Amino acid sequence: MNRCKVSIYILLSLILLCIFSLIELQKQCENYLLLTEAVESAVNQNNTDQALSALDDLEANWKSYHNINGTFVNGSELDSLRETMSGLRPLIANQHPEADSEIQKMKNLILSIYEEELPEIWHIL
Amino acid sequence: MTIVLIRSFILYLVVMFSVRLMGKRQLGELQPAELVVTILISNIATLALEDIEIPLLHGILPILALVCYEVIASWISLKSVRFRRWISGSPKILIRDGVIDQEMMKTLRFSVDDLMAALRMGGVFFIEEVQFAIVETNGSVSVYQKSAYQPSEKQDLQAFQPSIDPPQTIIADGQLREHSLSAIGLDRQWLDTILNQEKLNIKDVFILTADKSSAYQLIPKGVSVS
């Protein structure tokens, strides 16, 4: 009976951990999305300085929470987002037309990090 | 490299904890579900060890979850016969009164060689000696011989002897085990007398065993087979 109780407590802890990870990921991804949209609107207004400044904010935020995200999400998913983020700076600085598509790609990557962790039937299957 | 070392230590602790939580069972005594869980645990642990891109939590979480499911399922099967049958199956009779149930052998995909090997391992070499041969839920075969072929026991010969507890290890490699001494109703005074007789200290004794009748066997340190 003791083993059973311990198992139930462990399972409950694991469920709580999963809920916490989902909440934390949602919070972080929403934050990343907001900052990415700030970069996007600055790029759309051809305001390079503001876009680079917004990108700095995004990168700083990324660095702060990268370790927490890495605890819950597979490293390869975060790596592809980091690569896109680092490739965005020269595109914005040179006002390259591909900057917009890279921003869209980054938004999709951010969304996918959170959405793929959601316990939906298609993700489970 | 250091990360792998630390991760392997953490996973080692998790796997050890999981195995302890599952309880003490020999590999051959595992139910099919327990065996599958044990194999799964080792596979999951390997994945998290090999690939440091996978978060450690992705390795620990399924290991703990599987063990917890297994323990809870064991507990439910303890309470519910129907659930136990569903999880573990039920024992099946292969031989009844010396006659092999061939349909059951087909159902269990049990070959004649498997059956004969199982009988031989049970000390039986002739099928007609078998009253019952039962395939247990863990896959082992229990053999019950016909009474004519069963070995005689002391009570069959009316040779009754009082049952006595087995001897306890009192000193092992120079270390005294007080609880063993008290378990057989002896005390330190008895031990000191024995050691004085043998002119030895506790630390000089390799092994000392004794039973309730105070009969003992003492092997000093440094005595080896030449």
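Remember, predicted model here, so these are calculated numbers, not experimental data.

Caption draft 1: Structural view of the packing of aromatic side chains. Residue and element names in this part refer to chain A. If you walk through the whole model with that rule in mind, you get four aromatic pairs over all chains. Between Phe20 and Phe72, the aromatic rings sit 6.1 Å apart at their centres with planes inclined by 75°, giving edge-to-face as the arrangement. Here the residue Phe20 occupies a position in helix H1 (residues 2-44), and Phe72 occupies one in helix H2 (residues 48-72), the gap between them amounting to 52 residues. Take Phe20: its relative accessible area is 44%, and that puts it in the partly exposed class. When the ring of Tyr32 is compared with that of Trp62, the centres are 5.4 Å apart and the planes differ by 50°; the resulting orientation is tilted. With Tyr32 in helix H1 and Trp62 in helix H2, the pair connects residues that are 30 residues apart, well separated along the chain.

Caption draft 2: Structural context of helix H1 (residues 2-22) of chain B. Over its 21 residues, H1(B) runs 30 Å from end to end, which matches the ideal 30 Å to within 8%, given 1.5 Å per residue. Looking at the buried positions of H1(B), the neighbouring elements they touch are H1 of chain A together with helix H2 (32-50) and helix H3 (56-79) of chain B. B:Gly23 sits one or two positions beyond H1(B) and adopts a positive phi of about 100°.

Caption draft 3: Region of the structure containing the sheet that holds strand E2 (residues 99-100) of chain B. Residue and element names in this part refer to chain B. The strand order E2-E1-E3-E4 describes an open sheet built from four strands, whose pairing is antiparallel. Single-partner strands in this sheet number two, and they are E2 and strand E4 (141-145). Where strand E1 (residues 92-96) meets E2, two bridges bridge the pair, whose relative direction is antiparallel. Of the residues in E2, the one forming a bridge with Arg96 is Val99.

Criteria and thresholds
- Residues numbered from 1 in each chain as written.
- Chains lettered and ligands numbered in written order.
- Predicted model: local features only at pLDDT ≥ 70, side-chain atom pairs only at ≥ 80, totals over all residues.
- Heavy atoms only, no water.
- Phe/Tyr/Trp six-rings, centres within 6.5 Å; stacked < 30°, edge-to-face > 60°.
- Helix = DSSP H or I, 4+ residues; strand = E, 2+ residues; numbered from the N terminus.
- Buried < 20%, exposed > 50% of the residue type's maximum accessible area, 1.4 Å probe, protein only.
- Expected span 1.5 Å × (residues − 1).
- Contact = heavy atoms within 4.5 Å.
- Pairing = 2+ DSSP bridges.

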